[in-house]
Structure formats: C-alpha cells, structure tokens
Amino acid sequence: MTALKTALYLHIPFCLQRCTYCDFNTYDGLLDHRSAYVTALRREIHHRAALYPEIEATTLYFGGGTPSLLLPEWIATLIADVRRHFRLVPEAEVTLEANPGTVDVASLSALRAAGVNRLRESKAKSRVVVQSLRMGGAFGGKEVQANAFADALKGLKK
Ligand code: SF4
C-alpha cells in the first residue's frame, strides 16, 4: 500500500470568551466539556484512521478556538494517538495555537515534552501576517525550551 502523505488538523473549539470579529467555530462557557471532547476526539482519530489506513501524517496542527486551554497531558495523549493511528512521522511539525494568557512556563515545557514543536498565537488570526516560531531540536534542557517558548510568546505579542 502506497502511503498518502497528509497534514492533519484537530479542531479545539473552546475559548475563554468570544471575540466579536471572529467567525471560527468556537464557544465560550463550555470548559467543563473539555475532557469529554478529548475523549470523543480520540474515538474519532481511531475511527478515521481505520477508514483511511493509507494516510501517513507529515504535520499535525491543533487549531481553534484556543487549544492551549487543553491540559498538556490531553495534548500529549492526542499526539500519541495520531502518532500511533496515523503514523505521524518522527520529524513532523506539530503546531499548537496558544493564547499567551492561557500558558505559563510549566505548561509550555510540558507541551514541548509532549511533542509540540511550533506555537502560533490564536488571537492573531485576524492579522494578515501571523508570526510563528519553529521549535527545532537545538535546545538543551527543558528550562531552556520553556524559556524559548516564553520568549516566542513575547515576540508574538508584539
Ligand atoms: S479570535 Fe481566537 S480567542 Fe477570539 S473567539 Fe476567535 S478563536 Fe477564540
């Protein structure tokens, strides 16, 4: 079977509050449903992968909404599921949209450890140019990685 190389997108529809200019499919006031949503998403990943066994994921993108409202362990579980069921390639770019107000150094470090290697600011969607930062493998310890993420977010806020 020839592999069909594909980019995967996981939609995380939760936001702390709705922005008036935003027309994405997102909701506020539903944070209590995050765990159930992750469970449903895991089921969907398993189901879809069985339907499309030829797919090999080359990138994974968590968009929203505000994906950084999910706990890092949930993100880690979803990445592991995609890695297993869609054969996410080891060098894959894994992007997570993050609102700086929803992350701190500890959560960013946990996200990095979970496999997230690229951040994108979720509130920057309305801008024509969206800045991003690729996280390569050149960082040493976790603290350095976390600082790099924090620096990245500072840069994104400009
Ligand atoms: S702009 Fe971002 S934070 Fe605001 S409602 Fe849309 S997705 Fe949510």
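That block above? That's the structure.
Residues numbered from 1 in each chain as written. Predicted model: local features only at pLDDT ≥ 70, side-chain atom pairs only at ≥ 80, totals over all residues.

Asks: For the overall build of the chain, give the residues involved together with the corresponding values.
Replies: Of the regular secondary structure elements, the chain holds four helices and five strands. Burial statistics for the chain: of 158 residues in total, 29% are counted as buried. Considering only residue pairs separated by 6 or more positions, the chain has 74% of its internal contacts joining residues 24 or more positions apart. (Helix = DSSP H or I, 4+ residues; strand = E, 2+ residues; numbered from the N terminus. Buried ≥ 20, exposed ≤ 12 C-beta atoms within 10 Å, placed from the backbone. Contact = placed C-beta atoms within 7 Å.)

Asks: Kindly report on the site of the ligand, identifying the contributing residues and their values.
Replies: Around the ligand, the structure places twelve residues, and the nearest of them are Cys15, Cys19, Cys22, Thr26 and Ser122. Split by residue class, the shell around the ligand holds four nonpolar, five polar and three charged. (Near = placed C-beta within 6 Å. Nonpolar A, V, L, I, M, F, W, Y, C, P; charged D, E, K, R; others polar.)

Asks: A description of helix α1 (residues 34-51) should follow, citing residues and the corresponding values.
Replies: Taking 1.5 Å as the rise per residue, α1 with 18 residues should run 26 Å; its terminal C-alpha atoms sit 25 Å apart, in good agreement. Taking burial as the measure, the 18 residues of α1 include one buried ones, a minor fraction of the element. (Expected span 1.5 Å × (residues − 1).)

Asks: Can you lay out the environment of Ile12 for me, pointing to particular residues and giving the numbers?
Replies: Assignment of secondary structure puts Ile12 in strand β1 (residues 4-12). Spatially, the C-alpha atoms of Ile12 and Glu97 are 9.5 Å apart, while their sequence positions differ by 85 residues. Residues within four places of Ile12 in sequence aside, it is in contact with Phe62, Gly64, Gly65, Pro67 and Leu70.

Asks: Pulling in residues and values, what's your account of the nonpolar core?
Replies: Counting 26 residues, the largest nonpolar core has Leu60, Ile75, Leu78, Val82 and Leu96 as the members making the most contacts within it. Among the secondary structure elements, those contributing two or more residues to this core are β1, β2 (55-64), α2 (72-85), β3 (93-98) and α3 (105-114). Leu60 has contacts with Leu8, Ile79, Val82, Leu88, Ala92 and Val94, leaving out every residue within four places of it along the chain. (Core = buried A, V, L, I, M, F, W, Y, C linked by C-beta atoms within 7 Å.)

Asks: Residues and numbers for the packing of α1 against α2, please.
Replies: In a pair of packed helices, the angle between the axes and the distance between the axes together describe the arrangement. The interhelical angle for the contact between α1 and α2, taken along N-to-C directions, is 5°, at an axis separation of 10 Å. Taken together, α1 and α2 sit at an angle that is classed as roughly parallel. Touching Val38, Leu41, Arg42, Ile45, His46 and Ala49 of α1 are Trp74, Thr77, Leu78, Asp81, Val82 and His85, all from α2. Grouping the constituent residues of the contact of α1 with α2 by class yields seven nonpolar, three polar and two charged. (Axes fitted to C-alpha atoms, helices over the stretch in contact; angles between N-to-C directions. Parallel < 35°, antiparallel > 145°, perpendicular 65-115°, else oblique.)

Asks: Help me get a handle on the pairing of β3, residues and values and all.
Replies: Of all six residues making up β3, five are buried, and the element is well covered by its neighbours. In terms of strand pairing, β2 meets β3 through four bridges, oriented parallel. Paired with Thr59 across the bridge in β3 is Glu93. You can see the chain leave β2, run along α2 and come back into β3, and the turn it takes is right-handed. In the sheet, β3 pairs with strand β4 (residues 118-121) via four bridges, with the strands oriented parallel. Bridge pairing in β4 links Leu96 to Leu119. Regarding topology, α3 serves as the crossover connection from β3 to the parallel β4, and that connection is right-handed. (Pairing = 2+ DSSP bridges. Right-handed = clockwise from strand over helix to strand, strands pointing away.)

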